[in-house]
Each structure stands twice: as structure tokens, then as C-alpha cells.
Amino acid sequence: MTQVNMTYQLYGSPDSANLVIRLVLEILHVPYEYVAVDRSTQAHKSKAYLAMNPQGLLPVLVDPDQDAPLFETAAILLHLADKHGGLAPDVAAPARGRFLKWLLFLSNTVQSDLRISFRPERYTHTASASDEVGLVVAARVQRHFELLEQEIARSGGPFLLGSKITVLDPYLASCARWAQLYMRGGTMNIGVLPGIKALCERLQAMPEVLRATALEGLGPEPFTHPSRPDLPGITD
């Protein structure tokens, strides 16, 4: 574990992917400054923001020890986990491979399909095709969560890799939240996924998680009974 003494800057907007990073920073008890990015005024497309992330996406994490801002949720999580220790298996640990494959699965598969399901019209030319894309992708997302449910059962839980929390768990819980709220082709029923539901219940009982979700305006049960935040600077 590396001893560090700095303050990160986390750029985000309520209930965006910055939620995952904020959860991890709170669990790690690492100091950070939250910099609000007003999506309702397209602040994430400003020249200053694009200089940090040319995609214009959230989140961005500025680490004073790095020569450039970090973006991509999985990259930030891996950086924080390895830098601070405690929330990922060590590089030589037998569970490291499982950790990496599920981190990339959450990023490249689950979150990627969720983003499509939120705005399927961006991937088609007609309204009827948009509806079909939404339905197909929502079904894909449901299957992704079924695979995660199976992995919790294999590991013995209560977390994705087993008895110890990692950065995978707040990432999974956040994706479960968004799948229940925002998919256009039909929202996910967490009640049919008892392992994931129990993981979410355990997380949302943690004081660090409660602090992070309160700052995001997400309500008392943000993962099992989610509601949309009512805060300025967001778009649906």
C-alpha cells in the first residue's frame, strides 16, 4: 500500500459514472475535491473540459501525481485500487485474473450496453428502429446481470469476488441502479437477482456509501429502491 498525501479532483454530475469513483474515494477515505460539471449547460463539451477528456464524457479524475487527467471509469478504478491498496487483489494474487476480467466486463460490456439503452435513438435513424434497439439491448443487459449473479454464487459472496469488497462492487451496484432507472427498453428487476440485491443492500448500509450517495442526491436506498436525483446540472 502506497502512502499518499494529496487531494484529487473529481469532475462529475449527479448520477453519472462519477458516482462509482466517488463511492470508491469515500470507501478509501481519500481526500478529494468534487468539481460539478453542469451537463444542462453542456459544460462537459466546453473547451476546458475537452482538454481533460476529449470525448466530453464523465468522469475525470485529476491526480496531482499523474502527468495528465484520468478518464474511463475502469482505468480510474484500477489506478485508485493499486495506488491505495485494499480494494483489489494484489498483482500476484490468484484472484487478480478474476478481478481484471470482471472489471473489464463491467466497463466494456455492462456499462457500454447500458449507455446504449439509455439513448437508443442515437444509434438508429428511425423511431421504430430505436424502440427495437432499446428492447434488444435491455435483454442483453439482463443477461449480463445474470452472469454476475452466477459469479456471486460461485464465489460464495457476499461480494463479487467473495468475502472481501473490491472496486468491482460499487461499480456493479451503480450499474444495477442505472439498469433499474434509465433503460428505455424495460428496466431490470433486481428482485430476481438475490445475490446482487444482497450485495447492494450491504453496500448501501455502509456509512461511506451513504455519504457518497447523499452528496449525489440519490435517496436512502439508492441501489435497491432507486429514484432519480432532483439536483441542478443534470440531463435525462
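## Side note on helix H6 (residues 168-181)
Part 1 of the argument: Its 14 residues place the ends of H6 20 Å apart at the C-alpha level, agreeing with the 20 Å of an ideal helix rising 1.5 Å per residue.
Part 2 of the argument: Within H6, 14 of the 14 residues are buried, leaving the element largely enclosed by the surrounding structure.

## Considering the sheet that holds strand S1 (residues 8-12)
Part 1 of the argument: If you trace the 4 strands from one edge of the open sheet to the other, you get S2-S1-S3-S4, paired in mixed fashion. The open sheet has two edge strands, strand S2 (32-36) and strand S4 (70-71), and neither has a second partner.
Part 2 of the argument: Pairing between S1 and S2: 5 bridges, direction parallel. Within S2, the position partnered with Leu10 by the bridge is Tyr34.

## Quick word on the layout of surface pockets
Part 1 of the argument: A volume near 1,000 Å³ is recorded for the largest pocket.
Part 2 of the argument: Lining the largest pocket are 35 residues, with Ser16, Arg39, Leu57, Arg115 and Phe118 positioned closest to its centre.
Part 3 of the argument: Taken together, the elements giving at least two residues each to the lining of the largest pocket come down to helix H4 (96-118) and H6.
Part 4 of the argument: With 6 residues, H4 is the single largest residue contributor to the lining of the largest pocket.
Part 5 of the argument: In terms of residue class, the lining of the largest pocket is built from 14 nonpolar, 11 polar and 10 charged.

## Quick word on the packing of helix H5 (residues 127-155) against helix H7 (residues 194-204)
Part 1 of the argument: Contact geometry of H5 with H7 gives a least axis separation of 8 Å together with a crossing angle of 75 degrees. The angle between H5 and H7 places the two elements in the roughly perpendicular class. Along the contact surface, H5 presents Phe145, Leu148, Glu149 and Ile152, while H7 presents Pro194, Gly195, Ile196 and Leu199.

## Describing the side chain of Glu216
Part 1 of the argument: Its place among the elements puts Glu216 in the segment after helix H8 (207-215).
Part 2 of the argument: A polar atom in the side chain of Glu216 sits 2.9 Å from the backbone nitrogen of Asp15.
Part 3 of the argument: There is a polar contact of 3.2 Å between the side chain of Glu216 and the side chain of Arg22.
Part 4 of the argument: Leave out the neighbours within four places in its chain, and Glu216 touches Ser13, Pro14, Asp15, Asn18, Leu19, Arg22, Tyr34, Pro229 and Leu231.

## Let's talk about the nonpolar core
Part 1 of the argument: In this structure, Phe145, Leu148 and Ile196 are the most contacted members of the largest nonpolar core, which totals 64 residues.
Part 2 of the argument: Elements represented by at least two residues in this core include exactly S1, helix H1 (18-28), helix H3 (73-84), H4, H5, H6, H7 and H8.
Part 3 of the argument: If you tally residues by element for this core, the top one is H6, at 9 residues.
Part 4 of the argument: In contact with Leu148, not counting residues within four places along its chain, are Trp102, Phe105, Leu106, Val110, Leu160, Leu172 and Ile196.
Part 5 of the argument: The next biggest cluster of nonpolar side chains, apart from the first, holds 7 residues, and it includes Tyr11, Val37, Leu58 and Val60.

## Some points on the packing of aromatic side chains
Part 1 of the argument: Under the criterion given, the structure shown has 3 aromatic pairs.
Part 2 of the argument: The interplanar angle of 75 degrees and the centroid separation of 5.8 Å between the aromatic rings of Phe118 and Tyr182 together place this pair among those described as edge-to-face. Residue Phe118 is located in helix H4, and its partner Tyr182 is located in the loop between H6 and H7; the two are separated by 64 residues in the primary sequence.
Part 3 of the argument: The ring of Tyr34 carries the charged tip of Arg22 above its face, separated from the ring centre by 3.9 Å.

## Describing H7
Each turn of an α-helix holds 3.6 residues, which means side chains three or four residues apart point in the same direction.
Part 1 of the argument: What H7 keeps buried is the set Gly195, Ile196, Leu199, Cys200, Leu203 and Gln204. All buried residues of H7 project into a common sector of 160 degrees when viewed along the axis, lining one side.
Part 2 of the argument: Next to the buried residues of H7 lie H5, H6 and H8.

Criteria and cut-off values
- Position labels on residues start from 1 in each chain and follow its written sequence.
- A pLDDT threshold of at least 70 governs which residues receive local features in this predicted model, and a stricter bar of 80 or more applies before side-chain atom pairs are shown or counted, although totals over entire chains, interfaces and linings include all residues.
- Hydrogens and waters are ignored; side-chain quantities use all the structure's heavy atoms.
- Numbering goes from the N terminus for both helices and strands, where a helix is a DSSP run of H or I of at least four residues and a strand is a run of E of at least two.
- The span expected for a helix works out to 1.5 Å for each residue beyond the first.
- Residue burial is assigned from relative accessible area. The probe radius is 1.4 Å, only protein chains are included, and a residue is buried under 20% of its type maximum, exposed over 50%, and partly exposed in between.
- When DSSP finds two or more bridges between a pair of strands, those strands are recorded as paired.
- In the cavity and pocket records, a cavity denotes points on a 1 Å grid over the protein atoms alone where a 1.4 Å probe fits but cannot get out, a pocket denotes an open set with protein on both sides within 12 Å along at least 5 of 7 lines, and lining residues are residues with an atom within 4 Å of a point.
- Grid points are joined across faces, edges and corners, and a volume is the space filled by probe spheres set on the points.
- Note that Gly is not counted as nonpolar here; it falls among the polar residues with everything else outside the nonpolar set of Ala, Val, Leu, Ile, Met, Phe, Trp, Tyr, Cys and Pro and the charged set of Asp, Glu, Lys and Arg.
- Think of each axis as a best-fit line through the C-alpha atoms, taken over the contacting stretch in the case of a helix, with angles from 0 to 180 degrees between the N-to-C directions.
- Throughout this description, any angle smaller than 35 degrees is read as roughly parallel, any larger than 145 degrees as roughly antiparallel, any in the 65 to 115 degree range as roughly perpendicular, and the remainder as oblique.
- The contact criterion used is simple: two residues touch if any of their non-hydrogen atoms lie within 4.5 Å.
- Polar contacts, as counted here, are pairs of nitrogen or oxygen atoms within 3.5 Å of one another; within protein the pair requires one atom able to donate a hydrogen and one able to accept it, and residues that are adjacent in sequence qualify only if both atoms are side-chain atoms.
- Among the buried residues, those of types Ala, Val, Leu, Ile, Met, Phe, Trp, Tyr and Cys that are joined through side-chain atoms within 4.5 Å form a nonpolar core.
- Here a pair means two rings of Phe, Tyr or Trp (six-membered ring of Trp) with centres within 6.5 Å. Their orientation is stacked below 30 degrees between planes, edge-to-face above 60, and tilted elsewhere.
- The criterion is that NZ of a Lys, or CZ of an Arg, lies within 6 Å of the ring centre and within 35 degrees of the ring normal, and then a charge sits over that ring.
- The arc in question is the one spanned by the directions pointing from the helix axis to the C-beta atoms.

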